[in-house]
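Structure at a glance
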Amino acid sequence: LAALGFRLPKAELQRAFEDGEVEYLEGQWMPIIRGGAEDWSGTDSDQTTGRPRGQLNPQLAAQFAQHVRAFTAFGPPGAGKGTLLDAFIEQLNAHLPPEQRYVKLETGAYFRAIAGIVKKQRAGGALSPSDEPYLSLVNLIPLADLEIMQQGGLMSDATAFAIVNAILEQPAYRQAGGIILDGFPRTVPQLQALQDGSIHFNGHTLALGLTLILDVPDEVLLERVAQRWDAAGAEARADDAPEVARKRLAAYHAETEPMIAVLRGRPDVIELDGHVEGLSPEESIVEVRERFLQTLQTFLDQPVDELSSTLEARAWQQPLAAVFGWLPLAGVPLEG
Ligand code: AMP
């Protein structure tokens, strides 16, 4: 693809850097991925937690950094996972010294950016500075996979592995203190690859770590995505279009839920109801954040021995073979 030899004028990149769209690390341009940037501070201090509702405090951030190296979140499209994680990582990093800070690996954001570049190229349009960090990744994704994505399906596991490995090689990831996984793994074979230790982060084998499952009923999800689609106008995500959103939800049920079924109920898995009746969307966001922080606090308040054995046991590694022994996982050796 033409993008591979393409470099943007320095002045344009400098402007994008000053505007906080990209950053330069060890000779590479890196994307700065931001999500819903709305303020997440709750207003009232809660009497039992002593902190504003929905807001992380330094103690909880320090406990998290001490015990949780990797954190993974699962939820169907529209569950509010992106909004929750963006705010969480921002607050978390604000309380941590640079060497302990977390990066978020959001596979969908990379795939969307790459799809946007390919679309512009096909239309003969100009690239923008915020495209630069993704240019070296463009040819890792077969066009067929980009089409599958456009229709709301999941890309192949091979493509997901290629992109995840390439992202984890980037300087911001190699320098990070911890990682938050958003959108990977998403299928049983992807979980399996983590289990097999074939994905590395910062010189270590990447594991799921502490895991969050966010549940929201289908009707609510479709309604939320439809609202997001209407509200965003020309800026809308192409895959939020109603018929595509339905297919993304179907892909979640068919391919991600069987993987979640393996994890559900494990001691290092937090499951939360991401739907609140009778509150405005803003209030409901704060309420879900508060539920998440309280559950996280309870988890991290366990005696240190229990906590570390919970996080180190990786209990899910063993039964996967038993539960999915019937699946055609040829070529993927099962341990245990
Ligand atoms: P998301 O924003 O997480 O919904 O991701 C957008 C799209 O990217 C999905 O609909 C998939 O086509 C693709 N995608 C993201 N992560 C993965 C993954 N781990 N495996 C396969 N496809 C993925």
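Quick look at the structure, then. (Residues numbered from 1 in each chain as written. Predicted model: local features only at pLDDT ≥ 70, side-chain atom pairs only at ≥ 80, totals over all residues. Heavy atoms only, no water.)

For the protein chain, the count of helices and strands is 13 helices and 9 strands. Sequence-distant contacts, at least 24 apart, represent 73% of the contacts inside the protein chain between residues at least 6 apart. Roughly 15,900 Å² of accessible area belongs to the protein chain as shown, and the carbon and sulfur atoms make up 53% of that amount. (Helix = DSSP H or I, 4+ residues; strand = E, 2+ residues; numbered from the N terminus. Contact = heavy atoms within 4.5 Å. Areas by Shrake-Rupley, 256 points an atom, 1.4 Å probe, with all protein chains shown as cover.)

What follows covers the packing of helix H3 (residues 81-94) against helix H11 (residues 281-300). Close contact between H3 and H11 brings their axes to 11 Å; oriented N to C, the two are set at 60°. By the angle between their directions, the pair H3 and H11 is classed as oblique. Seen along the crossing, H3 lies across H11 with a hand that is right-handed. Where H3 abuts H11, its residues Thr83, Leu84, Ala87 and Phe88 lie against Ile285, Arg289, Phe292, Leu293 and Leu296. By residue class, the composition of the contact of H3 with H11 is 7 nonpolar, 1 polar and 1 charged. (Axes fitted to C-alpha atoms, helices over the stretch in contact; angles between N-to-C directions. Parallel < 35°, antiparallel > 145°, perpendicular 65-115°, else oblique. Left-handed = near helix turned anticlockwise from the far one by under 90°. Nonpolar A, V, L, I, M, F, W, Y, C, P; charged D, E, K, R; others polar.)

Once that is clear, we can look at the site of the ligand. What surrounds the ligand is a group of 16 residues, the closest being Thr107, Arg112, Gly153, Gly183 and Arg186. A distance of 2.8 Å separates an oxygen atom of the ligand from a polar atom in the side chain of Arg186. When isolated, the ligand has an accessible area of 480 Å², and the protein chains bury 95% of it. Broken down by element, the residue count for the shell around the ligand peaks at 4 residues, all from helix H4 (residues 107-122). Of the residues belonging to the shell around the ligand, the class tally is 6 nonpolar, 5 polar and 5 charged. (Near = heavy atom within 4 Å. Polar contact = N/O pair within 3.5 Å; in protein donor to acceptor, adjacent residues only side chain to side chain.)

Nonpolar side chains in soluble globular proteins tend to be buried together. Judged by nonpolar contacts, the single largest core of 47 residues is most densely connected at Leu168, Tyr173 and Ile179. Excluding residues that lie within four positions of it along the chain, Tyr173 makes contacts with Met30, Val103, Lys104, Leu105, Tyr110, Ile167, Leu168, Ile179, Phe201 and Asn202. (Core = buried A, V, L, I, M, F, W, Y, C linked by side-chain atoms within 4.5 Å. Buried < 20%, exposed > 50% of the residue type's maximum accessible area, 1.4 Å probe, protein only.)

A word on the pattern of salt bridges. According to the stated counting rule, one finds 16 salt bridges in the structure shown. Arg264 serves as the salt-bridge partner of Asp215, at 3.9 Å between the closest nitrogen and oxygen. Of the two residues, Asp215 is situated in strand S8 (residues 210-215) and Arg264 in the loop between helix H10 (242-263) and strand S9 (269-273); the sequence distance between them amounts to 49 residues. Judged by relative accessible area, which is 28%, Asp215 ranks as partly exposed. Arg264 is paired through a salt bridge with Glu271; the nearest N and O atoms lie 3.0 Å apart. Glu271 gets classed as partly exposed once you look at its relative accessible area, which sits at 34%. (Salt bridge = Lys/Arg side-chain N within 4 Å of Asp/Glu carboxyl O.)

Its place among the elements puts Thr107 in helix H4. Residue contacts for Thr107: discarding those within four places in its chain leaves Ile163, Val164, Asp182, Gly183, Phe184 and Arg186.

Pairing is parallel across the open sheet formed by 5 strands, whose spatial order is S4-S5-S3-S8-S9. Looking along the sheet, the strands with just one partner apiece sit at the ends: strand S4 (102-106) and S9. On average, each strand axis in the sheet is inclined to that of its neighbour by 20°, with strand direction left out of account. Relative to strand S5 (residues 178-182), strand S3 (residues 70-74) runs parallel, the two being bridged by 4 bridges. Each residue of the ladder has a partner; that of Phe71, found in S5, is Ile180. Here H4 sits on the sheet and contacts S4 and S5; the angle it forms with S4, its principal contact strand, is near 55°. (Pairing = 2+ DSSP bridges.)

Okay, the packing of aromatic side chains next. Applying the stated criterion to the full structure yields 8 aromatic pairs. On the basis of an interplanar angle of 55° and a centroid distance of 5.3 Å, the ring pair of Phe64 and Tyr102 is categorised as tilted. Here Phe64, found in helix H2 (residues 58-67), pairs with Tyr102, found in strand S4; they are 38 residues apart in sequence, far enough to count as distant. Of the residues examined, Phe64 reaches a relative accessible area of 1% and is grouped as buried. (Phe/Tyr/Trp six-rings, centres within 6.5 Å; stacked < 30°, edge-to-face > 60°.)

Moving on, we come to the pairing of S5. By the criterion of burial, S5 is predominantly enclosed, with 5 of the 5 residues buried. On S5, burial covers both faces: Gly178, Ile180 and Asp182 on one face and Ile179 and Leu181 on the other are all buried. Pairing geometry for S4 and S5, over 5 bridges, is parallel. Bridge pairing in S5 links Leu105 to Leu181.

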